[in-house]
Amino acid sequence: MSDISLEATPLIAQYLALKVQNPDCMLFFRVGDFYELFFEDAVDAARTIGLTLTKRGKHLGEDIPLAGVPVHAVDEYLAKLIQAGFRVAMAEQMEPAEEAKKRGYKSIVARDIVRIVTAGTLTEERLLTPNRPSRLCALAFAADSKTCAVACTDISTGQFVVRCVPADQAADLLVALQPAELLLPDVCNVNIDEVKALCAARTIQMAHYPTGQLQGAQANARIAAYYDVVDAQVFGTLTVVEAAAVASILYYIERTQKGLNVPLSPPQQASTSHNMLLDAATRANLEITQTLQGQFAGSLLHVVDETVTGAGARLLLDWVSQPTIHLPTIHARQNAVAFAIEHEKWRSAVRACLKAAPDIARALTRLSMERGGPRDMRAIAGALSIAAQIETLFARVECTDIALLQEILAVLKLLPMELIEHLNAALVDEPPLSPHDGGYIRAGFDAELDEIRSLRDHSTQIIAQMEANLRAQTTIRSLKIRHNNVLGYYIEVPSQFGDYLREDAQKRFILRQSLPNATRFSTAELAELDSKIASAGAQAIARESAIFAGLCAAIMEESAALKALHEALAQLDVLLNLAQVATILNWTRPRVDESLALHIDGGRHAVVERALKQANAGAFIANSLDLSPFGGAQTGQIALVTGPNMGGKSTFLRQNALIVLLAHIGSYVPATSAHIGVVDRIFSRVGASDDLARGRSTFMVEMVETAGILNQATAHSFVILDEIGRGTATWDGLSIAWAVLEHLHETNQCRTIFATHFHELTQLQSRLPRMQNLHVLVKEWGNSLVFLHQVAAGVADRSYGVHVAQKAGLPKVVVERARTLLKRLEKGMDRSTPANLLADLPLFAALEAAPAVEALAPWQSEIIGKLQALNPDELNPKAALELLYQLKGMVE
């Protein structure tokens, strides 16, 4: 960006001055009915969102690139730019053009930045995704570099939470929170490359805050000032690092919202001890909220999300992303889900009501920030009315022993009924989006507004009635009321009646103009009416605005009750949703307790089962698992699973992990029965991937993830591991897998499923008492392999890799060559000296020996043709014998 120069026009100089203040933002510069962009911003916007690029004058001898977007459609363009990673500074006109003209001919309209739009500070309905939160997070690190505080807010709803975690778990927590934007300290004593890599991979916007201004007493002072309290500690004893994280959020909001009050709830200290922390690898491998390809369809959340409200969908996302390990919470949710399953008609009726419920929290936030409109008020009124309907539905059932439903009902009983009546009386059924459009206050609500509207909409009829009244009073039948741009409304009579009106006893008529054939008068009443009619449109808007402000004040007085209602309806939606899913998919209630049990009968993979059903591809084959302690042991078992690729090992691993996760959100699970002791963490190392951007090979990624498991898993954890050690040399990989298995058994002592192709590991069952061997069943049919997708006790005899290669479509010559090599290797021939095997069997020996089809003799082709056309089931014994003699004759 060029420096501000004397060569710049006043408009461009003003633009450049604002741009210098916000160099990291794209500047939307209001000019009349458009936001205009200049210089590099215009070029970037044209390239990113397809604006037409033109030019406007010159600066420093060069053309000034120009692009623009209409004010009425700005949200559409903002959404695209934010999604592309830009921040946008909004420069508005701060005065009418008439005010600028008063300062002189060359004066321009004053402009200033009123807001900076970023991914984590969105509030507009058209910029938000209804079923996803829009979170702004901030990281702050303790002086010892070991502890990290993560502050998280959703400005659109006002939620604000802060929690402390070990610094090395910051990235895992951020994956769970899925922020749209992350604030990082400008000076950091901790290596945060992993966090930055996470932001880059997930397109999370990053910004920095000044660490030096937001520490210690300064942080507490900023918090106290924002909430207008004496001391920040009224919200709880915030640690130094927690206060720094909270203060950085408030600093950023003040900077981007330019002093506009954002109604954030006081920061709530959240304990991580009640939630299951899932690392990024586990979330990705289990495809909890999105598939490995980044799609929502095909994820666990996609299967369990039948919510009918945006708030419910956001809450379910939180439950799935951060499962609880707090037993009372799990049991309370299960009880509510069970009740909803048993009362299907009640559940359906409540869900039908919820489906029509607007998003209270987001509407409330917009109104409190003066960005809302009549539709937000109508949304709140609608939500309150629906909540009242739901309260009446609760009267149809007896749920006094269901704690969560009782808590929800208690909120419903405190509905502000007067506010419901007030809003319904004031607002039309379908109001406009903006309060500036007018027409949203219902007729009959305000007498003054009705009078103004009557003047605006029925002035012709009102003037005609006044004219008729004056004719009757004066007996002048030719009296007329007319209008022109000079006099406005006036009374006109023929000249011969002019003296009569001048001599009116009541002195009502005021002479305005004498013409040769007519005399024009006015009256105080007509003058007042003229003024009212002339300004009726503006007066109607002004009156509606005043009423709107009063309605806003009434809503804000009930903000606490409205937020509580928002949370109650969201929770009700999620609980009924889980009941709906359990009913549709035939899931069962798991027994969850403090034991180390993990016993699942007839378990199924929730996502795969749904995909098979939708494709009419047959039923999912259920499998059982028992890793519960036995023989007085205080730790769980390890299941070593062998069998071919495509046999279902990975599906078996994942389905059990997903069943455990579902049980910890209070959901029913896809199984015949399940007994699950509370799991503090689920760890998953499944699949192969690299991280080339960070210089990590597939095997290095595998080892890093495995190291994380071995260093963090406890006896209460559940671990699934697939093909450890397969990314390196055979003996290296076998040694690593062996050592990992022993470590899990002896040190971590956690419940584990370990899938492998290293059949040598199955012999460890004699040395590791808590280890059991499982295998997936297959059946050979000639050279083909039939996958039965069943898991049974015992050991697979081999891996059937050649059969899988054949199914994959490898050239026939390659498959035959592999079979030959496999047979000789299995006999132990020259196992220690592969070079001898290669010398004995040249690489392309099988290819050279294979005769080409065109080289076959005619009689050979004829025999092959007859055999290919043959259907043995249609031959009787006599016909078969005749065919055999015929073929024998052809060979001879």
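Residues numbered from 1 in each chain as written. Predicted model: local features only at pLDDT ≥ 70, side-chain atom pairs only at ≥ 80, totals over all residues. Heavy atoms only, no water.

## Points about the packing of helix α12 (residues 327–342) against helix α21 (residues 559–585)
- Interaxial distance between α12 and α21 falls to 8 Å at its minimum, and their mutual angle equals 60 degrees. Here α12 lies oblique to α21, going by the angle between them. Here the hand of the crossing between α12 and α21 comes out right-handed. Facing R333, A336, V337, A340 and I341 of α12, the residues of α21 in contact are L575, L576, L578, A579, A582 and T583.
- Residues of the contact of α12 with α21, tallied by class, amount to nine nonpolar, one polar and one charged. (Axes fitted to C-alpha atoms, helices over the stretch in contact; angles between N-to-C directions. Helix = DSSP H or I, 4+ residues; strand = E, 2+ residues; numbered from the N terminus. Parallel < 35°, antiparallel > 145°, perpendicular 65-115°, else oblique. Left-handed = near helix turned anticlockwise from the far one by under 90°. Contact = heavy atoms within 4.5 Å. Nonpolar A, V, L, I, M, F, W, Y, C, P; charged D, E, K, R; others polar.)

## What to know about the pattern of salt bridges
- Per the stated rule, a full pass over the model turns up 31 salt bridges.
- The partner of D446 in a salt bridge is R543, and the shortest N-O contact between them spans 2.7 Å. With D446 in the loop between α17 (417–426) and α18 (447–474) and R543 in helix α20 (residues 524–557), this residue pair connects regions lying 97 residues apart in the sequence.
- Judged by its relative accessible area of 12%, D446 falls in the buried class.
- Since its relative accessible area comes to 23%, R543 is described here as partly exposed.
- Notably, a salt bridge pairs R520 with E492, separated by 2.9 Å at the nearest N-O pair. Here E492 lies in strand β14 (residues 488–494) and R520 lies in strand β16 (residues 518–522), a separation of 28 residues in the sequence. Neither residue differs from the other here; R520 and E492 are each classed as buried. (Salt bridge = Lys/Arg side-chain N within 4 Å of Asp/Glu carboxyl O. Buried < 20%, exposed > 50% of the residue type's maximum accessible area, 1.4 Å probe, protein only.)

## Some details on a nonpolar patch on the surface
- A surface patch of nonpolar side chains, about 310 Å² in accessible area, is lined by W781, V786 and L788.
- Inspection of the secondary structure puts W781 in strand β25 (residues 771–781).
- Taking relative accessible area as the criterion, W781 reaches 64% and is therefore assigned exposed. (Patch = residues over 30% accessible without salt bridge, like charges linked within 9 Å, V, L, I, M, F, W, Y side chains within 5 Å. Areas by Shrake-Rupley, 256 points an atom, 1.4 Å probe, with all protein chains shown as cover.)

## Considering unusual backbone geometry
- Even without glycine at this site, F39 takes up a positive phi of about 55 degrees.
- Along the chain, F39 turns up in helix α2 (residues 39–49).
- Assessed through its relative accessible area of 10%, F39 is described here as buried.
- A positive phi is found at K507, a non-glycine position, where the angle reads about 55 degrees.
- Within the secondary structure layout, K507 lies in the loop between α19 (498–502) and β15 (510–514).

## What about the side chain of K649?
- Counting through the fold element by element, K649 comes out in helix α23 (residues 649–663).
- Buried charge without a partner: K649 forms no salt bridge, and the closest opposite charge is E723, 4.0 Å away.
- A distance of 3.0 Å separates a polar side-chain atom of K649 from the backbone oxygen of G643.
- Setting aside chain neighbours within four positions, we find K649 in contact with V641, T642, G643, P644, E723, A755, T756, H757 and V776. (Lys, Arg positive; Asp, Glu negative; His and termini not counted. Polar contact = N/O pair within 3.5 Å; in protein donor to acceptor, adjacent residues only side chain to side chain.)

## Focus on the environment of A549
- Residue position: A549 is located in helix α20.
- Along the backbone, A549 and W738 are 189 residues apart, and their C-alpha atoms lie at a distance of 71 Å.

## As for helix α13 (residues 344–355)
- Over its 12 residues, α13 extends 16 Å from the first C-alpha to the last, a length consistent with the 16 Å expected when each residue adds 1.5 Å.
- The set of residues buried in α13 consists of W346, R347, V350, R351, C353 and L354. Considered in projection along α13, the buried side chains sweep an arc of 160 degrees and stay on one side of the axis. α13 presents K345, A352 and K355 as exposed residues on the side facing more than 90 degrees away from its buried surface.
- Close packing links the buried residues of α13 with α12, α15 (374–394), α16 (403–412) and α21. (Expected span 1.5 Å × (residues − 1). Arc of directions from axis to C-beta.)

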